[in-house]
Each structure stands twice: as structure tokens, then as C-alpha cells.
Amino acid sequence: DAGVIQSPRHEVTEMGQEVTLRCKPISGHDYLFWYRQTMMRGLELLIYFNNNVPIDDSGMPEDRFSAKMPNASFSTLKIQPSEPRDSAVYFCASSTAPNYGYTFGSGTRLTVV
Amino acid sequence: AQSVTQLDSQVPVFEEAPVELRCNYSSSVSVYLFWYVQYPNQGLQLLLKYLSGSTLVKGINGFEAEFNKSQTSFHLRKPSVHISDTAEYFCAVSGGGYQKVTFGTGTKLQVIP
């Protein structure tokens, strides 16, 4: 298995632009998680899905953030409009259960200028 | 509710010396415990996990951890570190049922040649 695949690896965008991050989980993993990592706040859970349905989105910082999972093999995290304070590394992870070990992707480093 | 505390934000250690990274947790139910490693510019990788059974858990790269229920600890140890062990290490906890994993704030291990 290729693991959790995220794209792009790096994204530089201007303030106000829309940004879309993509994730392909491991086949057979029913849970998908989106995390954000910054020096100041560490690792934050933004949202997680079970069988393509959002279960907990309490970590989504603002309405500018949205996430979808149209099928078992694909999820997106969208920021519209983007702001400099959204600059961070965004990770996607998948698992067979929420209380079990997670497999993380390599992350997307987002820079908003 | 569950939480995890990593008291040491940074741990410097000389190459070939032993190391212990501390982790304490709190949980109202039975726990699953994890250690993850994050190398620079990479995602988190599962190092080892405790689900049940033997309290001494062995992981990859020569690391091991011991579950101590009375002290609510899950410290990570390695008898002799290598330069390549320089990374950030995250302790994590989850409870029974379908509670999601809670991550600690991380400990940066710096191996000095």
C-alpha cells in the first residue's frame, strides 16, 4: 500500500485566494482525520470522518474552512478566502478506528503571503 | 475526558547515551497508548503502541515503552541513541469505545555527536 497520499506537498498562495488540499486515505480505513500543525499551537485536530460522513468538526477554526469526503478514497480541505495566519502544515491521517493507531500522510506545507 | 502531558519540550543527549522521554496521561476509562515520531519535514509515524497485555512494549528502531498504570505513565526509552534518532516524539492516548486519539505537545530529541 502506498500509504496516505496528500497533495500538493507545498502550496504558496496570496491572501484572499482559495486553497484546496487533497488526501487519499489507505484503502479499507474507515476513518479520516485532518490535522494542522504550527509552532505556536502544535498539532490540532480540525475534523474527522467516518465512512465519508463528518463526525466532529469542532476543531475547524472558522467558516472559511470546509472539508468534504465525496467517497472512501478522497477528501478535500478547502480554505476560502485564505489568510496569512492559515500558514501551517496540514496533515491527513487515516485509521480503522478512531482510538487505534493512525497512519499520517507527508503533509501539505501551506504558505499564505 | 482524556489528556496527555509531555513535560519535556526538548531533550538533548549525546550519541550512544540512553534516553527517556516522559509521558503522563489521564483517562477515566481503559486506555490505549501510542508513541509517534516525526522526522523533519515528514508526517508522524507510529513508533509503538500499547493496547493490552504486557506492559513493556517494543517498537521500531530499538525503542521501547513501559505502561505503568499506578503512575499513569508511558515513558519511552532507548538504551543507546543514534544521530538518526533526532526527531520530535509525540505521546498519544485514546480510551475505550470510539474516543479519538489525543496527542501530547511533543518532545524534541536532539542527539549530539
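Residues numbered from 1 in each chain as written. Chains lettered and ligands numbered in written order. Predicted model: local features only at pLDDT ≥ 70, side-chain atom pairs only at ≥ 80, totals over all residues. Heavy atoms only, no water.

The next thing to look at is the nonpolar core. With 28 residues, the main nonpolar core has Leu33, Trp35, Leu47, Leu48, Phe74, Leu76 and Tyr89 of chain B as its most contacted residues. For this core, the secondary-structure elements that each account for two or more residues are strand 2 (10-14), strand 3 (19-21), strand 5 (31-38), strand 6 (44-50), strand 8 (64-68), strand 9 (73-78), strand 10 (87-95) and strand 12 (107-112) of chain B. Setting aside chain neighbours within four positions, we find Leu33 of chain B in contact with Tyr25, Leu48, Lys49, Tyr50, Phe67, Phe74, Ala92 and Val93 of chain B. Val4, Cys23, Trp34 and Phe49 of chain A belong to the second largest nonpolar core, which has 21 residues in total. (Core = buried A, V, L, I, M, F, W, Y, C linked by side-chain atoms within 4.5 Å. Buried < 20%, exposed > 50% of the residue type's maximum accessible area, 1.4 Å probe, protein only. Helix = DSSP H or I, 4+ residues; strand = E, 2+ residues; numbered from the N terminus. Contact = heavy atoms within 4.5 Å.)

All names here are of chain A. Mapped onto the secondary structure, Asp86 falls in the loop between strand 8 (74-79) and strand 9 (88-95). A polar contact is formed between the side chain of Asp86 and the side chain of Arg64, at a distance of 2.7 Å. The contact partners of Asp86, leaving out residues within four places of it in the chain, are Arg36, Arg64, Phe65, Ile79, Pro81, Leu110 and Val112. (Polar contact = N/O pair within 3.5 Å; in protein donor to acceptor, adjacent residues only side chain to side chain.)

Note on terminology: a disulfide is the covalent bond linking the sulfur atoms of two cysteines. One pass over the structure, following the stated rule, counts two disulfides over all chains. Shown here is the disulfide that connects Cys23 of chain A with Cys92 of chain A, its sulfur atoms set 1.9 Å apart. The chirality of the disulfide connecting Cys23 of chain A with Cys92 of chain A is left-handed, given an S-S dihedral of about -65°. Remark: Cys92 of chain A occurs in strand 9 and Cys23 of chain A occurs in strand 3 (residues 19-24); sequence separation between them is 69 residues. With relative accessibility at 1%, the residue Cys23 of chain A sits in the buried group. Paired by a disulfide, Cys23 of chain B and Cys91 of chain B hold their sulfur atoms 1.9 Å apart. Because the torsion about its S-S bond is -65°, the bridge between Cys23 of chain B and Cys91 of chain B counts as left-handed. Taken together, the positions of Cys23 of chain B in the loop between strand 3 and strand 4 (24-26) and Cys91 of chain B in strand 10 put the pair 68 residues apart, joining distant regions of the chain. Of the residues examined, Cys23 of chain B reaches a relative accessible area of 0% and is grouped as buried. (Disulfide = S-S within 2.5 Å.)

The computed volume of the largest pocket comes to approximately 780 Å³. Around the largest pocket, the lining is made up of 33 residues, and of these Gln37 and Met39 of chain A together with Gln38, Glu88 and Lys108 of chain B lie nearest the centre. Elements represented by at least two residues in the lining of the largest pocket include exactly strand 4 (31-38), strand 5 (42-50) and strand 9 of chain A together with strand 10 and strand 12 of chain B. (1 Å grid on protein atoms, 1.4 Å probe; cavity = no way out; pocket = protein on both sides within 12 Å on 5 of 7 lines; lining within 4 Å. Points joined across faces, edges and corners; volume = space filled by probe spheres on them.)

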